[in-house]
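A look at the structure
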Amino acid sequence: MSEPLIFELSSPGRRGVRLPAPDVPVKPISTYLPESDIRTAAPDLPEVSEVDVVRHYTRLSTLNYHPDRAMYPLGSCTIKHNPKVNEDMAALPGFARLHPLQQDETCQGSLRLLYELSSDLAEIAGMDGVTLQPAAGAHGELTGLMIMRAYHERRGHARRKVIIPDSAHGTNPASVTLVGYDTVQIPTNAHGLVDTGRLAELIDEETAAFMLTNPNTLGLFESEIRTIADIVHDAGALLYMDGANLNAVLGITRPGDMGFDVVHFNLHKTFSTPHGGGGPGAGPVGVRSDLVDFLPTPLPVKDGDAYRLDYDRPESIGRVRSFGGSFGMMVRAYAYIRANGPDGLRQVSENAILNANYIMRRLERHYPRTVLLHGTQKETPIPAEVPCQHEFVASGTRFREHGVRMLDIAKRLLDYGFYAPTIYFPLIVPEAAMVEPTETESKESIDRFIDAMLAIAEEAEKDPDLVRNAPHTTPVSRLDEARAAHPKSLNLRYRKSLAE
Amino acid sequence: MAYIPNTDADRQAMLAAIGIDSVEELLSVIPKDVRLDGPLDLPPALSELELHDTMGEMAACNDSADRLASFVGGGMYDHFVPSAIGHLAGRSEFLTSYTPYQPEVSQGTLQGIYEFQTMICELTGLDVANASLYDGASAAAEAAMLARAATRRDRVILAGSLHPHYVETVRTYAHGPGIRVETVSCTDGTLDPDRLASALDDDTACVIVQHPNFYGCLESMGDLERVVHGAGALLVMAVDPISLGVIESPGAYGADIAVGEGQSMGNQVSYGGPALGFFAARDRFVRRMPGRIAGQTVDQEDRRGFVLTLQAREQHIRRDKATSNICTSQQLNALMATIYLSLIGKQGLKEVAELCLHKSHYAAERITRLPGYELAFDRPFFKEFAVRTPAPAGEIVTRLADEGLLAGVDLARFPSLELDNGLLIAVTERRTRSQIDRLVEALGRFS
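Counting starts from 1 at the beginning of each chain's written sequence and moves along it residue by residue. Labels follow written order: the first chain is A, the first ligand is 1, and so on. Two thresholds apply to this predicted model, a pLDDT of at least 70 for residue-level local features and 80 or more for giving and counting side-chain atom pairs, whereas whole-chain, interface and lining totals are computed over all residues.

Every helix listed is a DSSP run of H or I at least four residues long, and every strand listed is a run of E at least two residues long, numbered separately from the N terminus. Scanning chain A from terminus to terminus reveals 15 helices and 14 strands. Between the two quantities, the radius of gyration covers C-alpha atoms and the globule rule is 2.2 Å times the number of residues to the power 0.38. Here the C-alpha atoms of chain A give a radius of gyration of 25 Å, agreeing with the 23 Å that 2.2 N^0.38 yields for 500 residues. In terms of overall dimensions, chain A has C-alpha extents of about 80 × 65 × 45 Å along its principal axes. Working definition of burial: number of other C-beta atoms within 10 Å of the residue's own, with buried at 20 or more, exposed at 12 or fewer, and partly exposed in between, all C-beta atoms being placed from the backbone. Per-residue burial for chain A yields a buried fraction of 60% across its 500 residues. Working definition of a contact: two residues with C-beta atoms, positioned from the backbone, lying within 7 Å. For chain A, contacts bridging at least 24 residues in sequence account for 74% of all contacts bridging at least 6.

Rendered as structure tokens:
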């Protein structure tokens, strides 16, 4: 039985919260507002009691899988445990009820947090300056591109294009377009890495930047990163790191030391802030010294013992959003960094890498790592001796002969009580499943996941229909996506207006 | 480490299964010359107990609305947040899950998005809404880009009475793609339709107007709508969702797109975020909308269910041809807004809006009777108003903080407004008469 919409629980006259009676003189609202501005038709919001609301959203919540329940091996998304103390810290009334337009003297605690978090992130990434303003990873990426564009404009030539690998996140090319650059795609080589020879051929004086994830989206470390950096810098371009996979390198290596000029962080991945069903996140950006002037305005600074926001930044790209950013997420990330300390952060990455390699090795016979050779459908194995980093991408092509796709395996995994890995990404791996356990899974938890994957591999051979028709135990079965893609399906109000 | 469950014995067992002796072997692919040779220069780890103490002290260094009576607005407001919101949105099922890639086990989030989209359409009087964007300012920037793509025109006009952060954000976004942005000044507090008309041309994609505007004033929406559409441009309205309990909807005014900051709906101000931007539009723009959208459908047994839909707009499919680079929403904040609107309901939203109206006008009437204070603009307003002060507003705000009052926003913080001695005062339903009277009394000392 599905849960009704909150509107379907509505009953005229019910109230979920009562408000105090006015304690000031009350006049007709037409005293204050012109008649033409007074709303005539009230918005048709639900009329429900608090009990209705609490039960409805509690019941809805039970339809979700989530990492407090079981492993959530969604590659590239770093769904790690979200420490509970972080929630309490963000809810402290001194933080939660502080207004962003209060004067700096009344915000010293928050400003100190912003300042120290910026410094911590700069240290972790080996960068010289950090903005905390961007609201998400893609927003950080956009901000980073704007900064790089400003850098080139300042040098007299904006340039025209940005090179990205064919394994890149889809946000990379979308962000490139948003700043008015063209995307040039570079193929991945047979080892799953950047083809440096090809990079040297593609790069020219119109190249503004090369955007790279390291470890890359196949979970492989780009060992030739220094060579890549030299090629990029020799062409006068900048090297951008998509920080999606930062969970692999904490305390081990740093983007700045690898030669990156700009990096964005995902506080909701690496620094444990909860994903909220798809947000909020936070996407700070770090830059090397000669790009600091271009960071968005304002920046937190320290004068003596006092902290303040600095707006006097004439070279800045400007604001990328209102106010200072996802402060509540920054509080959680700050708490996480403090709770871990330098040794703890290194342990995070080492355990994330160990967990991923353990799963990869135990699954590789059934779910091997492969990559499509550029421009062909030829599947090439990633050499077995090459370790993955914090995640790996397995291929499910061997199940094709049974009519089973990776989509089916992912759905079947839901029946086993696990969320599914990221599937069909990156695009250069056929029937891809990207598995990222993170450091917060125990060996027992990982073993259960491996057992499930192996059991499904067997089912795919012996009873492929069982897998093809999965999931069988979830609140709903597979959904008809085509039927949702009509305006009348997008909200109740429009549906009703079309029916009238 | 409390957040890492594996023991040394677990690690040894895993290393053995892999067939190696140490984790170091897994790091062999990282060249020595880029490896860190020592620990990160960060403070040592704190226990949970120490964390409570340290961060509790930091929070206590702030003078927040928890201890002071706040009249600070300017785009985020101290509205009442019913208790049920935090308890429900704090459930692990909502808090810790991610984007609903697997709809079969994400119906809670997806149905929540559908309910949110419906409520935003009800509030704005428009046909379609998305699952939310980062904030009001970036939603305005996305609207400008949609307008450009839809009209194939390259100019965007902003009302000078639009929130300065929105103005700055639109300008930042517009720079790379070469959208020309112009601001029409609003010296008397609102956008003059004639002045707007002379700024419009046949290359204008849209006009972005805030209503009530940054100063709290209502704009002449009827006249503005005729001027904007007369020039073939789109009308984008930035609105305060609480105001929509008493003020006409963007749809009724004829707007093509409505955006806004949704923090007022059940979210804390949290020093500026996270909150949510909302985005609603006429149906003809649905395939150009940025952000996630949920749609209703059925499963194989014909049961109702919800999925992310119209994904052909999005970056993971379209890559460099996507309508936007946004790949998530402010889902938890949007859920809080949805729960808020459910709790407050049809009647409650009107009551909150009316309380704001009555209390802010009571405050304005009393303050403007004080010598040296006057309304900066003699225009109808909703819950916020700008006054000219007899002393620099910044000085007043600083002094009143010592008396337990956050008096408002010193408008000198926004040099582009060119308003001397301006104090922006917001009065929500949360402020009591005695708090307002205390503010009036304290302001009176500067007369």
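Picking up after the structure, the text goes on.
A separate point is the overall build of chain B. Assigned secondary structure in chain B consists of 14 helices and 15 strands. Its C-alpha atoms put chain B at 80 × 50 × 50 Å along the principal axes. Buried residues in chain B amount to 65% of all 447 residues. Pairs at least 24 apart in sequence give 72% of the contacts found in chain B among residues at least 6 apart.

Listed by partner, the interface residues are 174 residues for chain B and 173 residues for chain A. The element best represented in the side of chain B that touches chain A is helix α12 (residues 331-368) of chain B, accounting for 24 residues.

Attention now goes to the sheet that holds strand β12 (residues 392-395) of chain A. Residue and element names in this part refer to chain A. Judged by pairing direction, the sheet is antiparallel, and its 3 strands sit side by side in the order β12-β14-β13 without closing on themselves. A strand with exactly one partner marks an edge of an open sheet, and here the two such strands are β12 and β13 (422-423). Strand pairing is defined by DSSP finding a minimum of two bridges between the two strands. Where β13 and strand β14 (residues 432-435) come together, 2 bridges link them in antiparallel fashion. Among the inter-strand pairings, T422 is bridged to a residue of β14, identified as M434.

Residues and elements named next belong to chain B. An automatic or database domain assignment provides the domain bounds reported here. Here chain B is partitioned into domain 1 (69-81 + 345-444) and domain 2 (84-339). Contacts between the two partners involve 27 residues from domain 1 and, on the opposite side, 25 residues from domain 2. Those elements that place two or more of their residues in the side of domain 1 that touches domain 2 are α12 and β12 (384-388). It is α12 that contributes the most residues to the side of domain 1 that touches domain 2, 7 residues altogether.

Take the sheet that holds strand β2 (residues 128-129) of chain B next. The pairing of strands in a sheet comes from backbone hydrogen bonds and takes either a parallel or an antiparallel form. All names here are of chain B. Spatially, 7 strands are ordered β2-β8-β7-β6-β5-β3-β4 in an open sheet, and the strand pairing comes out mixed. Looking at which strands have only one partner, the edges of the open sheet turn out to be β2 and β4 (180-184). Where strand β5 (residues 204-210) and strand β6 (residues 234-238) come together, 5 bridges link them in parallel fashion. Bridge pairing links V209 to M237 in β6.

Residue and element names in this part refer to chain B. Note on geometry: axes are C-alpha line fits, over the in-contact stretch for helices, and angles between N-to-C directions span 0 to 180 degrees. One can describe the packing of α12 onto helix α14 (residues 433-444) by two numbers: an axis separation of 10 Å at closest approach and a directional angle of 20°. By the angle between their axes, α12 is roughly parallel relative to α14. As for how α12 packs across α14, the hand of that crossing is right-handed. The segment α12 lies against α14, with K359, Y362, A363, R366 and I367 engaging I436, L439, V440 and L443. Nonpolar residues are Ala, Val, Leu, Ile, Met, Phe, Trp, Tyr, Cys and Pro. Charged residues are Asp, Glu, Lys and Arg, and all others, Gly as well, are polar. Split by residue class, the contact of α12 with α14 holds 7 nonpolar, no polar and 2 charged. Convention used here: angles under 35 degrees read as roughly parallel, angles over 145 as roughly antiparallel, angles from 65 to 115 as roughly perpendicular, and any remaining angle as oblique. Crossing handedness is defined as follows: a turn of the near helix away from the far one that is anticlockwise and smaller than a right angle gives a left-handed crossing, while the clockwise case is right-handed.

Residue and element names in this part refer to chain B. Between helix α6 (residues 136-151) and helix α7 (residues 164-175), the least distance of the axes is 8 Å, while the angle of their chain directions is 45°. Considered as vectors, α6 and α7 are oriented oblique to each other. Crossing hand, α6 versus α7: right-handed. Judged by residue contacts, G136, A137, S138, A140, A141, A144 and M145 of α6 engage H165, Y166, T169, V170, Y173 and A174 from α7. Per-class residue counts for the contact of α6 with α7 are 9 nonpolar, 4 polar and no charged.

In plain words, the nonpolar core is the set of buried Ala, Val, Leu, Ile, Met, Phe, Trp, Tyr and Cys residues that C-beta atoms within 7 Å link up. Counting 321 residues, the largest nonpolar core has M330 of chain A together with A140, A144, I208 and V236 of chain B as its most contacted members. Discounting chain neighbours no more than four positions away, the residues touching V236 of chain B are A140, A143, A147, C206, V207, I208, A255, D256, I257 and V259 of chain B.

Turning our eyes to something else, we now look at unusual backbone geometry. The omega torsion of the bond from T297 of chain A to P298 of chain A falls at -5°, within 30 degrees of zero and hence cis. Relative to the assigned elements, P298 of chain A resides in the loop between β7 (285-287) and β8 (299-303). The backbone of N421 of chain B shows a phi angle near 50°, a positive value even though the residue is not glycine. Mapped onto the elements of the fold, N421 of chain B is located in the loop between β14 (409-410) and β15 (422-426). N421 of chain B gets classed as buried once you count the C-beta atoms within 10 Å, which come to 20.

Before going further, it helps to examine the domain arrangement of chain A. Residue and element names in this part refer to chain A. Assigned domains within chain A: domain 1 (6-61), domain 2 (85-340) and domain 3 (348-468). The gap between the C-alpha centroids of domain 2 and domain 3 is 30 Å. Each partner contributes residues to the interface: domain 2 has 20 residues there, and domain 3 has 21 residues. Of the residues contributing to the side of domain 2 that touches domain 3, the split by class is 10 nonpolar, 9 polar and 1 charged.

What follows concerns the environment of T438 of chain A. All names here are of chain A. Summarising the element assignment, T438 is placed in the loop between β14 and α12 (443-462). By the C-beta count within 10 Å, which is 28 here, T438 ends up buried. Considered as a pair, T438 and P280 are 158 residues apart in the sequence and their alpha carbons are 20 Å apart. Setting aside its immediate chain neighbours within four residues, T438 contacts T78, I79, K80, N247 and A352.

Turning our attention to the pairing of β14 of chain A. Residue and element names in this part refer to chain A. Of the two faces of β14, the one carrying A432 and M434 and the one carrying A433 and V435 are both buried. One ladder, built from 4 bridges, connects β12 with β14; its direction is antiparallel. Paired with V393 across the two strands is M434, which belongs to β14.

Below, the discussion takes up helix α5 (residues 137-154) of chain A. Residues and elements named next belong to chain A. Here α5 is 18 residues long and its end C-alpha atoms lie 26 Å apart, about the 26 Å a rise of 1.5 Å per residue gives. Counting buried residues along α5, 15 of its 18 residues qualify, which places the element largely inside the surrounding structure. Directly beyond the C-terminal end of α5, a positive phi value near 100° is found at G156. Helix span, as expected, comes to 1.5 Å for every residue beyond the first.

Helix length check: helix α2 (residues 48-60) of chain B, at 13 residues, gives a terminal C-alpha distance of 18 Å against a target of 18 Å (1.5 Å per residue), a fit within 8%. Residues L51, M55, M58 and A59 of chain B constitute the buried set of α2 of chain B. Buried residues along α2 of chain B cover an arc of 95° about the axis, so they all sit on one side. With respect to the buried face of α2 of chain B, the exposed residues turned more than 90 degrees away are L49, E50, D53 and E57 of chain B. Tucked inside the fold, the buried residues of α2 of chain B contact α2 (84-90), α3 (93-96), α4 (108-125) and α10 (327-363) of chain A. The directions from the helix axis to the C-beta atoms are what the arc is built from.

Moving on: the pairing of strand β7 (residues 257-261) of chain B. Residue and element names in this part refer to chain B. With respect to burial, β7 is a largely interior element, 5 of its 5 residues being buried. Residue alternation in β7 divides its side chains into two sets, I257, V259 and E261 and A258 and G260, and both sets are buried. In terms of strand pairing, β6 meets β7 through 3 bridges, oriented parallel. Among the inter-strand pairings, A238 is bridged to a residue of β7, identified as V259. Note that β7 and strand β8 (residues 277-281) share 5 bridges and pair antiparallel. The residue bridging G260 from the neighbouring strand is F278, located in β8.

For chain B, the mean per-residue pLDDT works out to 96, and 100% of the residues sit at or above 70. The complex model carries a pTM of 0.98, and its ipTM stands at 0.98. The quantity called pLDDT is the predictor's confidence in a given residue, expressed from 0 to 100.

Further remarks concern the environment of L19 of chain A. As for its position among the elements, L19 of chain A is in the segment before α1 (50-61). On the neighbour-count criterion, L19 of chain A (16 C-beta atoms within 10 Å) is partly exposed. When near neighbours in sequence (up to four residues on either side) are disregarded, L19 of chain A contacts G348, E351, V352, L355 and E429 of chain B.

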